[in-house]
Amino acid sequence: MIEMDDVFFERVYEQVRRVPAGSVCTYGTIAELAGYPKASREVGFAMSRVQRGWNLPCHRIVNAKGTLAPTYAFGGHRVQRQLLEEEGVTFVDDETIDMARHRWPPLDEPSGPEQLALPLG
DNA sequence: CAGCTGACCATAC
DNA sequence: AGTATGGCCAGCT
């Protein structure tokens, strides 16, 4: 049984809880938000220790490409995909999330050329 | 203390 | 396209 007293786990889970429904977040981003910018792998490890009663939306955490967790995590990609689609997450592939639409937190970099070229009206 | 592992990430070929 | 490799770091043996 994993103790929630572990600082690393506690901080990681705290960030996972912040991910809103309908959005997803990557292991690397969770690691950054938790204060461990390079510990993305450990975030994945922390996810594997998550249990049902913890109320953690671990299905909203995916890798940088947007592909879903391995089969054993949720009993198959179908299950995780079902959970995400229920929340409004769209997919570009059977097991790949549309990261551009659903990545959280949103990237509002001013260097986005499309935002400067928005047609009026 | 030392070595291995992994729900990762980026790069190179 | 896919496959290999190096870096990363907390947890486990």
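Residues numbered from 1 in each chain as written. Chains lettered and ligands numbered in written order. Predicted model: local features only at pLDDT ≥ 70, side-chain atom pairs only at ≥ 80, totals over all residues. Heavy atoms only, no water.

Per an unreviewed UniProt entry, chain A goes by the name MGMT family protein and belongs to Gordonibacter massiliensis.

**Side note on the protein's contact with DNA strand B**
Close to DNA strand B lie 16 residues; Y27, R41, E42, N63 and A64 are nearest. Taken together, the sugar and phosphate atoms account for 43% of what DNA strand B places within 4 Å of the protein. G28 has a polar backbone atom sitting 3.5 Å from a phosphate oxygen of DNA strand B. Contacts to DNA strand B include M47, whose backbone N or O atom sits 3.1 Å from a base nitrogen. Elements with a contribution of two residues or more to the surface near DNA strand B: α2 (27-34), α3 (40-48) and α4 (71-74). Residue contributions to the surface near DNA strand B peak at 6 residues, all from α3. (Near = heavy atom within 4 Å. Polar contact = N/O pair within 3.5 Å; in protein donor to acceptor, adjacent residues only side chain to side chain. Helix = DSSP H or I, 4+ residues; strand = E, 2+ residues; numbered from the N terminus.)

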